[in-house]
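Listed here are the chains, written in short residue letters.
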Amino acid sequence: MKYSILAIALAGSMALTACDRPVPEVITVAVPGPAGATGAPGVTGAPGDAAAPGATGATGSPGADGAKGYDGAKGATGAPGYDGAKGDTGNTGDTGDTGKDGKTIVIVPK
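Here's what I pulled together on the structure shown here. Owing to the predicted nature of the structure, the values given are computational and were not obtained by experimental measurement. (Residues numbered from 1 in each chain as written. Predicted model: local features only at pLDDT ≥ 70, side-chain atom pairs only at ≥ 80, totals over all residues. Heavy atoms only, no water.)

### Side note on the overall build of the protein chain
Helix and strand content of the protein chain: 1 helix and 0 strands. Computed over its C-alpha atoms, the radius of gyration of the protein chain comes to 68 Å, more than 25% above the 13 Å expected for a compact globule of 110 residues. Overall size of the protein chain, expressed as C-alpha extent along the three principal axes, is 160 × 90 × 45 Å. Surface exposure of the protein chain reaches about 12,500 Å², of which carbon and sulfur atoms provide 59%. (Helix = DSSP H or I, 4+ residues; strand = E, 2+ residues; numbered from the N terminus. Rg over C-alpha atoms; globule rule 2.2 N^0.38 Å. Areas by Shrake-Rupley, 256 points an atom, 1.4 Å probe, with all protein chains shown as cover.)

And the structure:
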């Protein structure tokens, strides 16, 4: 059994290698050559016309002043305040006693 599977695989690989393969097409690629000489400079064009200045707009007139408002009415003067009542005079205090004769005390340091 081992040899029959091996023989079939060998025969299959031989059959596949004997097939003709298609020949690849040759593709031509264009490669640019060296640069040519520099051409002559072109003619300079004529300068353009200058633009005309724009017109200046007119200045507007100043607006009118508004009307002055009326003065307000003056308020009435207030009444003067009431003076408070005077307080009573306090009583006079008693006269103190006459002082007593003093005694001299001598403190002797130790």
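### Details of the environment of alanine 11
Following the sequence through the fold, alanine 11 ends up in helix 1 (residues 2-17). Residues alanine 11 and isoleucine 105, 94 residues apart in the sequence, show an inter-C-alpha distance of 156 Å.

### Things to note about the environment of threonine 98
Structurally, threonine 98 can be placed in the segment after helix 1. For the pair threonine 98 and leucine 6, spaced 92 residues apart in sequence, the C-alpha to C-alpha distance is 158 Å.

### Quick notes on the environment of lysine 2
Looking at where lysine 2 falls in the secondary structure, it is placed in helix 1. It is 147 Å that separates the C-alpha atoms of lysine 2 and isoleucine 107, two residues lying 105 residues apart in sequence.

### Digging into a nonpolar patch on the surface
A cluster of nonpolar side chains, namely Ile27, Val29 and Val31, defines an oily patch on the protein surface of about 370 Å² accessible area. Within the secondary structure, valine 31 is located in the segment after helix 1. (Patch = residues over 30% accessible without salt bridge, like charges linked within 9 Å, V, L, I, M, F, W, Y side chains within 5 Å. Salt bridge = Lys/Arg side-chain N within 4 Å of Asp/Glu carboxyl O.)

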